[in-house]
Amino acid sequence: VIDEAHHAAALTYRTIINKALLLNPKCLILGLTATPNRSDGKGLREVFSNVCDQISLGELIRSGHLVTPRTFVLDVGVKSQLSKVKRAGADFDMNAVDQIMNQRPINSAVVEQWIENGENRQTVVFCSTVSHAEAVTDAFRENEIEAATITGQLTSTERAKILKHYEDGLTKVIVNVQVLTEGWDHPPTSCVVLLRPSSAKSTMIQMVGRGLRTVNSELHPGVIKNDCIILDFGTSSILHGTLEQDVSLDGVETEGLSLSMTCPDCGAEVPLASTECPICGYSFRADKKKDSPELISSVEMMEINLLNRSSFEWVNLFDDRSAFISTGFNAWGGVFFHDGNWYSVGSKNKGTPKILSIGQHINGL
């Protein structure tokens, strides 16, 4: 039996599985996972022959096995910058995310929004880098909120001590970097703060899932938990939409990940990690510093439903609800009523508009 079975395609898991089958060719393999789709697109068919059962997060919430997520997307003035971050490997370039998010005004704004909207709940925060996590922890402490940082750089003993303090209620907020994404649960946790985007939907689901556990009143007397507040500063909720995933054992072909960027001065393609263009000498550090916000005058907040929603925010153009339009990071779409039918039209940015479908009903708006 393999828990977190999406890891089964990895060489380390395959080595154990192959050894078990060698010892017993009749060995049956059962995999369990809430996130069957891997960020690298690799399928699980080499290990598993079929999907024997599937249950959605929505079903688990309706049956009372998980609590409802109340999700708020907050923009502290950097959403457009985050949308331009490129991928490095299987995920977004977290050093680039750090350059955008890890700034004192933004960290202070995050804490202010947590105080206003987090309802003083026990909270887990997901950051981009260790320095980002440490700075966010300091921002909470400056507001006299008990917070701790946990990262992969700590020993197992140090991590266990920090988690014990959090579980005992001595720490209100625990800030981490890729340590508490999966395999960790503390049911009284009822607020999740996302300070990093995720290119993989499965990673977003894992992070949000840390706060969806119901509370056993015998194990946690006096703790009442009916929902979980998600404060998303990193745009994952907008990027991926619903929490639900379609299950398939087959792999998914993905486009090559860009490991380069274009110099805005001379147009040369340079490595993603470059701090200076080797052709013309343009300083990317100066560009990042110039674009960094020095003062946050306002924070935009939007509540969304992660269980049943379109991946986009649709705007009603006319009073008769005959036309809707929406824009995303890299594309736009419209739905228009004409002569008894609905027409969906859209394209990538700067592309030629195309009719995508025609029907008599529209869903998700």
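Reading the values: the criteria
Residues numbered from 1 in each chain as written. Predicted model: local features only at pLDDT ≥ 70, side-chain atom pairs only at ≥ 80, totals over all residues. Heavy atoms only, no water. Pairing = 2+ DSSP bridges. Helix = DSSP H or I, 4+ residues; strand = E, 2+ residues; numbered from the N terminus. Core = buried A, V, L, I, M, F, W, Y, C linked by side-chain atoms within 4.5 Å. Buried < 20%, exposed > 50% of the residue type's maximum accessible area, 1.4 Å probe, protein only. Contact = heavy atoms within 4.5 Å. Phe/Tyr/Trp six-rings, centres within 6.5 Å; stacked < 30°, edge-to-face > 60°. Lys NZ or Arg CZ within 6 Å of the ring centre and 35° of its normal.

Caption draft 1: Geometry of the sheet that holds strand β18 (residues 354-359). Ordered in space as β14-β15-β16-β17-β18, the 5 strands form an open sheet in which the pairing is antiparallel. Looking at the sheet topology across the chains shown, the edges are occupied by β14 (315-316) and β18. One ladder, built from 5 bridges, connects strand β15 (residues 323-327) with strand β16 (residues 331-338); its direction is antiparallel. Looking across to β16, one finds that Ser326 is bridged to Gly333.

Caption draft 2: View of the nonpolar core. Counting residues in each nonpolar core, the largest one holds 34 residues, and the members touching the most others are Val125, Phe140, Val193, Leu195, Leu231 and Phe233. Broken down by secondary-structure element, the contributors of at least two residues to this core are β3 (68-75), α4 (94-101), α5 (104-117), α6 (130-142), β8 (173-176), β9 (191-194) and β10 (227-232). Filtering out sequence-adjacent residues up to four positions away, Phe140 remains in contact with Val111, Trp114, Val125, Ile145, Ala147 and Val173. Of all hydrophobic cores here, the second largest spans 27 residues; its members include Leu180, Val192, Leu243 and Ile304.

Caption draft 3: Region of the structure containing the packing of aromatic side chains. Taken as a whole and judged by the stated rule, the model has 4 aromatic pairs. Consider the rings of Trp114 and Phe140, whose centres lie 5.5 Å apart with planes at 80°: the pair is edge-to-face. Residue Trp114 is found in helix α5, and its partner Phe140 is found in helix α6; the two are separated by 26 residues along the sequence. Across the pair, Phe140 and Trp114 agree in class, each one buried. Centre to centre, the rings of Phe324 and Trp342 are 6.3 Å apart; their planes meet at 40°, and the pair counts as tilted. Of the two residues, Phe324 sits in strand β15 while Trp342 sits in strand β17 (residues 341-348), which places them 18 residues apart along the sequence. Summarising the burial analysis for this pair, Phe324 and Trp342 share the class buried. Taken together, the aromatic side chains of Phe324, Phe337 and Trp342 make up a single cluster linked through ring pairs. Directly above the ring of Phe92 sits Arg87, whose terminal nitrogen or CZ lies 5.9 Å from the centroid.

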